[in-house]
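Here is how the chains run, residue by residue.
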Amino acid sequence: LRAALHEAEALADELRAAAALFVWVDGPLVTAMRRGDLLLIDEISLAEDAVLERLNSVLDPSRTLTVPEKGERQLETIVAHPSFRLLATMNPGGDFGKKELSPALRNRFTEVWVPAVTAREELLSLLSRTLSAADAPMEEADALADWDAGDAAEAMLLFVEWLGERRGRRPSSGGPSLRDLLAWAGFVRETQPRLGWPAAYVHGACLTFVDAMGLQVSSSRAEREALRAASVSKLVSLLPTHEQRRADLYVGTDTFPAFAAGAAPSPTASPNGGSARFGLDPFFVPLGGGAPCAGGFSLATPTPRANAF
């Protein structure tokens, strides 16, 4: 009789769940507490205060979490598995857009301060490792025999060091961060098979660092244009001598990609027999399978063309 009653109650619960508009599903925190996993909360200070306050009981000696959101007749209190661990990361509260944790929550953590990576050897190792995946056969151009991932990483560091000296290394000058460097390296890794090392290296720097120089309202327009032009020249100067021809890099005196006069983006076939592409050599995106439709946009004029490509 007891087994039949239990089965009936389980069936009733399933029927209620099937008729409900919303069904509770355990999230990462509850799942980690039940299974004894290590949970990483990245940028914890960006979470809502109401969410963060729920972690107080989890980090107490009792290591519990009451979940009234389940809507059941009896509140469930989850006790963390003995192996459960919680690790959180955040940037200092003084950074733009960041805030500090409440004292109640902060005191429940053991804080470990991790300084920025500034050692040149470490930066060079990280960049070389990120770029090494790009040492693959190129699609439409022969790889350089005398310029590889290690050379590109060295040139990248030389450029950011030059840029820091040019800006006087002031904290407000927006100096390069590890995140910026890895974004540049990621662009090079993804585009090198198509563009080649030199062009991928130059355009990655323009995308990550040089283009943003036009947004610095603390300097005059003439100063910003001069810094952009000097940056492009410095990037080109760090390439092997026989690779410094700007026409081959698709770059002019500024950060706008340089194209042939009158060139306009258009669909084109892939030279290796792959799917069709759209763009201007050497910048292409795969062409979708849908039928083209007439639109009111023109990419033939200089400014929209440069902004798009």
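Draft legend 1. Structural view of the nonpolar core. Among the nonpolar cores identified, the biggest contains 39 residues, and Leu131, Phe159, Trp184 and Tyr201 are the most heavily contacted of them. Only helix H6 (120–131), helix H7 (149–166), helix H8 (178–195), helix H9 (197–210) and helix H10 (221–237) provide two or more residues apiece to this core. Apart from the residues within four sequence positions on either side, leucine 131 is in contact with Ala149, Ala152, Ala153, Met156, Ala185, Val188, Arg189 and Trp197. Core analysis: the second largest hydrophobic core is formed by 17 residues, Ile44, Val67, Phe84 and Leu86 among them.

Draft legend 2. Spotlight on the packing of aromatic side chains. All told, the structure shown has five aromatic pairs when counted by the stated rule. Ring geometry for phenylalanine 159 and tryptophan 184: centres 5.8 Å apart, planes at 85 degrees, overall edge-to-face. Linking phenylalanine 159 in helix H7 with tryptophan 184 in helix H8, this pair joins segments that are 25 residues apart in sequence. Of the two residues examined, phenylalanine 159 and tryptophan 184, each falls in the buried class. Both rings, one in tryptophan 184 and one in tyrosine 201, keep their centres 5.7 Å apart while their planes meet at 25 degrees; by these two values the pair is stacked. Note that tryptophan 184 is positioned in helix H8 and tyrosine 201 in helix H9, a separation of 17 residues in sequence. The residues tryptophan 184 and tyrosine 201 share a single accessibility class, namely buried.

Draft legend 3. Expanded view of H7. Taking 1.5 Å of rise per residue, 18 residues should cover 26 Å, and H7 covers 26 Å from first to last C-alpha, within 8% of that figure. For H7, every residue scored as buried is listed here: Ala149, Ala152, Ala153, Ala155, Met156, Leu157, Phe159, Val160, Trp162, Leu163 and Gly164. Against H6, H8, H9 and H10 lie the buried residues of H7.

Draft legend 4. Molecular detail of the confidence of the model for the chain. Across the chain, the average pLDDT comes to 80, with 81% of residues at 70 or higher. In the model, residues 135–145 has pLDDT below 50 throughout and makes 18 contacts with residues more than four positions away in sequence or in other chains. This model gives residues 170–174 a pLDDT under 50, and the stretch forms three contacts once residues within four places in sequence are excluded.

Draft legend 5. A look at the sheet that holds strand S6 (residues 277–280). What the three strands build is an open sheet, ordered S5-S6-S7; its pairing is antiparallel. What marks the edges here is a single partner per strand, and that holds for strand S5 (266–268) and strand S7 (283–286). Mean inter-strand twist for the sheet, computed between neighbouring axes without regard to direction, equals 35 degrees. Pairing analysis gives three bridges linking S5 to S6, with the strands arranged antiparallel. Its bridge partner lying in S6, proline 267 is registered against phenylalanine 278.

Draft legend 6. Focus on unusual backbone geometry. One non-glycine residue, glutamate 43, lies in positive phi territory at about 50 degrees. Relative to the helices and strands, glutamate 43 resides in the loop between strand S1 (38–41) and helix H3 (49–53). Since its relative accessible area comes to 18%, glutamate 43 is described here as buried.

Quick notes on the rules
Residue numbers here run from 1 along each chain, matching the order of that chain's written sequence. With the structure being a predicted model, the display of local features is reserved for residues of pLDDT at least 70 and the display and counting of side-chain atom pairs for 80 or more, all residues being used for whole-chain, interface and lining totals. Side-chain descriptors were evaluated using all non-hydrogen atoms of the structure, hydrogens and water having been removed beforehand. Among the buried residues, those of types Ala, Val, Leu, Ile, Met, Phe, Trp, Tyr and Cys that are joined through side-chain atoms within 4.5 Å form a nonpolar core. Type-normalised accessible area, obtained with a 1.4 Å probe on protein chains alone, sets the label of each residue: buried when under 20%, exposed when over 50%, and partly exposed for intermediate values. Helix and strand assignments follow DSSP, with helices taken as H or I runs no shorter than four residues and strands as E runs no shorter than two, numbered in order from the N terminus. Should any heavy atoms of two residues lie within 4.5 Å, those residues are considered in contact. Stacked, tilted and edge-to-face are the three classes assigned to paired rings of Phe, Tyr and Trp, where Trp is represented by its six-membered ring and a pair needs centres within 6.5 Å; plane angles under 30 degrees give stacked, over 60 edge-to-face, the rest tilted. Helix span, as expected, comes to 1.5 Å for every residue beyond the first. One confidence number per residue, pLDDT, is output by the predictor and ranges from 0 to 100. Between any two strands, pairing holds if DSSP finds at least two bridges. Angles shown run from 0 to 180 degrees and are taken between the N-to-C directions of axes, each axis being a line fitted to C-alpha atoms and, for helices, limited to the stretch in contact.

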